[in-house]
Amino acid sequence: MPGTNLRRWAWIHKWSSLICTVFMLLLCLTGLPLIFHHEIGHLLGTEIEAPEMPADTLHISMDRVMEIAIAQHPDKVGMFASQEEDDERVWYVTLSDTPTSETGMKQVAVDARTGDVLGQPQLDNGFMYIMFSLHLNLFAGLAGMLFLGFMGMLLIVAIISGIVLYGPFMKKLEFGTVRADKSTRLKWLDLHNLLGIVTLAWLLVVGATGVINTWADLVIKYWQMDQMAEMVAPYKGQPPLEKLGSLQKAVDAAIALEPEMKMGFIAFPGTTFSSPHHYGVFMRGTEPLTSRLFKPVLVDASTGEVTDSRTLPWYATALLISQPLHFGDYGGRPMQIMWAILDILSIIVLGSGLYLWIVRRKTSEARLAKLIQAHQT
């Protein structure tokens, strides 16, 4: 590679890395506990534990689940009802002052078999809430998400420029060489290069999927204007419902339409994922990949009849696929451990890059000071 091109790529790698490194370190540090959020929840006692019962124990109706949840907060209304992907024993019912509220939300965990209230998870405090909020948007809402998305794009630029530079800088050394007998700076430079190339694919995947995830709010808004608007067009101009019909009837209608799928979550009328006249029943697949993909079924909230259902468009599907790839939560414990190891190695890569820049800057300043002193004398 000509020297001019090499210097350009080095400049791109240097500044793209420097600008994003601190924020990428923050994301790696906060992302590490998020990989094990269920396990940490168990240790902290914040995870909901459902009692063991025979697998064929009957479930209570969804109408009864909602009655029990709302009884805990009579001044609030339903927003969402959801279950964990691999646990149908508990319904997590999210309540708020209005269907569009962004604050003051409460969540009630109801045993789907007995109707017992198993707990009320805290949605806006605790260690995992702080970690998730920092990782998601730096406590800055959409602006924070988009900012982190830009930092993620700089990370991708830094990785690509690092690939370009790796060959010319390492052509005289065997792969994996760490010159332990040389200066501290050279040892860290070799380690930085080695770990950087080892974690290359993972960093690209996590960086790219992280960028996609920062667009989640924009993707959802576009889906609302695009697909959702078409699905609810026949109800445009109709007065809001004074009373909601049976939720269980709506769920039964959705299951009858998609008998090969499982329940994912339910959005109540007026929320982001429904209309003022519909229950949004989101079904999910049963295979490892399709279990992360939802299919919305809109059910008239007064009659309990399905009015529309369609597969999510490509942009929403890309978002849903990117989420498990980003957090590594689709392959069980082995995948979690691998993701954690790669996360730690990435922290070392980012930290060593910052260290090398600081050391090089101090060395340059020392040389400049010596030149100035020599010139003065």
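Our structure's up above, just so we're on the same page.
Residues numbered from 1 in each chain as written. Predicted model: local features only at pLDDT ≥ 70, side-chain atom pairs only at ≥ 80, totals over all residues. Heavy atoms only, no water.

### Some details on helix H4 (residues 127–137)
Okay, so step 1: Within H4 the residues assigned to the buried category are Met128, Met131, Ser133, His135 and Asn137.
Okay, so step 2: The first or second residue beyond H4 is leucine 138, which carries a positive phi of 60°. (Buried < 20%, exposed > 50% of the residue type's maximum accessible area, 1.4 Å probe, protein only. Helix = DSSP H or I, 4+ residues; strand = E, 2+ residues; numbered from the N terminus.)

### Concerning the pattern of salt bridges
Okay, so step 1: Here the structure, examined in full by the defined rule, presents 11 salt bridges.
Okay, so step 2: The shortest N-O distance in the salt bridge between aspartate 97 and lysine 76 comes to 2.7 Å. With aspartate 97 in the loop between strand E2 (87–96) and strand E3 (106–111) and lysine 76 in the loop between helix H3 (62–72) and strand E1 (77–84), the pair connects residues that are 21 residues apart, well separated along the chain.
Okay, so step 3: Taking the shortest distance from any N to any O, the salt bridge between arginine 292 and glutamate 85 comes out at 3.0 Å. Of this pair, arginine 292 sits in the loop between strand E6 (278–284) and strand E7 (294–300) while glutamate 85 is found in the loop between E1 and E2, placing the two residues 207 residues apart along the sequence.
Okay, so step 4: Judged by its relative accessible area of 16%, arginine 292 falls in the buried class.
Okay, so step 5: Given the relative accessible area of 29%, glutamate 85 is considered partly exposed.
Okay, so step 6: What emerges from the salt-bridge pattern is a single network uniting Glu52, Asp87 and Arg89. (Salt bridge = Lys/Arg side-chain N within 4 Å of Asp/Glu carboxyl O.)

### Focus: the layout of surface pockets
Okay, so step 1: Here the second largest pocket defines a volume of roughly 1300 Å³.
Okay, so step 2: Taken together, 43 residues make up the lining of the second largest pocket; nearest its centre are His13, Leu165, Leu189, His192 and Asn193.
Okay, so step 3: Those elements giving two or more residues to the lining of the second largest pocket turn out to be helix H1 (3–35), helix H5 (141–170), helix H6 (184–198), helix H7 (200–214) and helix H11 (332–376).
Okay, so step 4: Among the residues forming the lining of the second largest pocket, the class breakdown is 25 nonpolar, nine polar and nine charged. (1 Å grid on protein atoms, 1.4 Å probe; cavity = no way out; pocket = protein on both sides within 12 Å on 5 of 7 lines; lining within 4 Å. Points joined across faces, edges and corners; volume = space filled by probe spheres on them. Nonpolar A, V, L, I, M, F, W, Y, C, P; charged D, E, K, R; others polar.)

### Digging into the packing of aromatic side chains
Given two aromatic rings, one states the distance between the centres and the angle between the planes to describe the pair.
Okay, so step 1: Evaluated as defined, the whole model comprises 15 aromatic pairs.
Okay, so step 2: Geometrically, the ring pair formed by phenylalanine 23 and phenylalanine 147 is edge-to-face, given 4.9 Å between the ring centres and 80° between the ring planes. One end of the pair, phenylalanine 23, is in helix H1; the other, phenylalanine 147, is in helix H5, and 124 residues separate them in sequence.
Okay, so step 3: An aromatic cluster is present here, built from Phe80, Trp223, Phe265, Phe273, Phe282 and Phe294 joined pairwise through their rings. (Phe/Tyr/Trp six-rings, centres within 6.5 Å; stacked < 30°, edge-to-face > 60°.)

### Considerations on the side chain of histidine 278
Okay, so step 1: Relative to the helices and strands, histidine 278 is located in strand E6.
Okay, so step 2: Accessibility expressed as a relative area gives 0% for histidine 278, which makes it buried.
Okay, so step 3: Looking at histidine 278, its side chain comes within polar contact range of the side chain of serine 275, at 2.6 Å.
Okay, so step 4: Side-chain polar atoms of histidine 278 contact the side chain of threonine 307, separated by 3.0 Å. (Polar contact = N/O pair within 3.5 Å; in protein donor to acceptor, adjacent residues only side chain to side chain.)

### Comments concerning the sheet that holds strand E5 (residues 262–267)
Okay, so step 1: Pairing is antiparallel across the open sheet formed by eight strands, whose spatial order is E4-E3-E2-E1-E5-E6-E7-E8. In the strand order of this sheet, the two ends are held by strand E4 (117–119) and strand E8 (306–309), each with one partner. The sheet shows a mean angle of 30° between the axes of neighbouring strands, taken without regard to direction.
Okay, so step 2: The pairing of E7 with E8 spans three bridges and is classified as antiparallel. Across the sheet, leucine 298 pairs through a bridge with aspartate 308, a residue of E8.
Okay, so step 3: With respect to the sheet, helix H9 (residues 247–257) is in contact with E5, E6, E7 and E8, its orientation differing from that of E6 by roughly 40°. (Pairing = 2+ DSSP bridges. Axes fitted to C-alpha atoms, helices over the stretch in contact; angles between N-to-C directions. Contact = heavy atoms within 4.5 Å.)

### Here we look at the pairing of E2
Okay, so step 1: With eight of 10 residues buried, E2 lies mostly within the body of the structure.
Okay, so step 2: Strand direction decides the pairing type here: E1 and E2, joined by six bridges, are antiparallel. By the bridge assignment for E2, serine 82 is matched with tyrosine 92.
Okay, so step 3: Turn length for the E1-E2 hairpin, with the two strands adjacent in sequence and antiparallel, is two residues.
Okay, so step 4: By the bridge criterion, six bridges tie E2 to E3 in an arrangement that is antiparallel.

### Regarding empty space enclosed by the protein
Okay, so step 1: Here the structure, examined in full by the defined rule, presents one cavity of 30 Å³ or more.
Okay, so step 2: In this structure, the largest cavity encloses a volume near 40 Å³.
Okay, so step 3: Along the walls of the largest cavity sit Gln83, Glu84, Glu85, Glu88, Lys262, Met263, Gly264 and Arg284, which together make up its complete lining.
Okay, so step 4: For the lining of the largest cavity, the secondary-structure elements that each account for two or more residues are E1 and E5.
Okay, so step 5: For the lining of the largest cavity, the leading source of residues is E5, giving three residues.
Okay, so step 6: For the lining of the largest cavity, the residue count by class is one nonpolar, two polar and five charged.

### Here's the deal with the packing of H3 against H9
Okay, so step 1: Close contact between H3 and H9 brings their axes to 6 Å; oriented N to C, the two are set at 135°. Between H3 and H9, the angle falls in the class oblique. Note on element contacts: H9 touches H3 through Leu247, Gln248 and Val251, opposite Met62, Asp63 and Met66.
Okay, so step 2: Looking at the contact of H3 with H9, its residues break down into four nonpolar, one polar and one charged. (Parallel < 35°, antiparallel > 145°, perpendicular 65-115°, else oblique.)

### Notes on the packing of H5 against helix H8 (residues 216–231)
Okay, so step 1: As a packed pair, H5 and H8 sit with axes 9 Å apart at the nearest point and diverge in direction by 115°. On the basis of their axis angle, the class for H5 and H8 is roughly perpendicular. Taking contact as the criterion, the partners of Leu142, Met145 and Leu146 in H5 are, on H8, Ala216, Asp217 and Leu218.
Okay, so step 2: Grouping the amino acids of the contact of H5 with H8 by side-chain chemistry returns five nonpolar, no polar and one charged.

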